[in-house]
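Descriptive structure summary
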Amino acid sequence: MEDQEIKTEVANAAEEVVAAPTGDTKDRLAAAREYAVAQYEKIRRAASEQFDNVRKYTQDARVQINEGWDATCSKAKELHKAGEEYVKAHPTGTVLGGLGLGVIIGLLLGGSRR
């Protein structure tokens, strides 16, 4: 059978059951409806709980990330300030150190040109 024929057959069977329910069929439909509603509520509550758990987890993670970022920024500012103070206190040594480091890096990178 094709899909359309199957769908039509199922739809016709469903119409027959709904159109003329007997006492037993009514009870079974009511029980099935109650079961479906109970399962829906159970799934909805579980999904809501999981959503709340995910929301709390992301909020906690956001707080931790922000705290880490703030700590990193303040530490970087301290190091930057300390570096500036060192350069101001020792300008000659800083320039010679930078020159020496530049020469070494230049020799390492350009040493294979011979």
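Calculation notes
Residues numbered from 1 in each chain as written. Predicted model: local features only at pLDDT ≥ 70, side-chain atom pairs only at ≥ 80, totals over all residues. Heavy atoms only, no water. Helix = DSSP H or I, 4+ residues; strand = E, 2+ residues; numbered from the N terminus. Buried < 20%, exposed > 50% of the residue type's maximum accessible area, 1.4 Å probe, protein only. pLDDT = per-residue confidence, 0-100. Patch = residues over 30% accessible without salt bridge, like charges linked within 9 Å, V, L, I, M, F, W, Y side chains within 5 Å. Areas by Shrake-Rupley, 256 points an atom, 1.4 Å probe, with all protein chains shown as cover. Salt bridge = Lys/Arg side-chain N within 4 Å of Asp/Glu carboxyl O.

This part is about the overall build of the chain. Each helix and strand in the chain was counted, giving three helices and zero strands. When the elements of the chain are put in sequence order from the N terminus, they spell out α-α-α. For the chain, with 114 residues in total, the buried portion stands at 0%.

Attention now goes to the confidence of the model for the chain. Per-residue confidence for the chain gives a mean pLDDT of 86, with 78% of residues at or over 70. Within the chain, no element has a lower average pLDDT than helix H1 (residues 3-19), which sits at 63, and none a higher one than helix H2 (residues 23-89), at 93.

Taken together, the side chains of Leu101, Ile104, Ile105, Leu108 and Leu109 present a nonpolar region at the surface, about 560 Å² in accessible area. Mapped onto the fold, Leu101 is located in helix H3 (residues 91-110). By relative accessible area, which is 53% here, Leu101 ends up exposed.

For the rest of this paragraph, the subject is the pattern of salt bridges. If you walk through the whole model with that rule in mind, you get three salt bridges. Among the salt bridges present, the one from Asp60 reaches Lys56, with a minimum N-O distance of 3.1 Å. Linking Asp60 with Lys56, this pair stays in helix H2, spanning four residues, or about one helical turn. Asp60 gets classed as partly exposed once you look at its relative accessible area, which sits at 39%.

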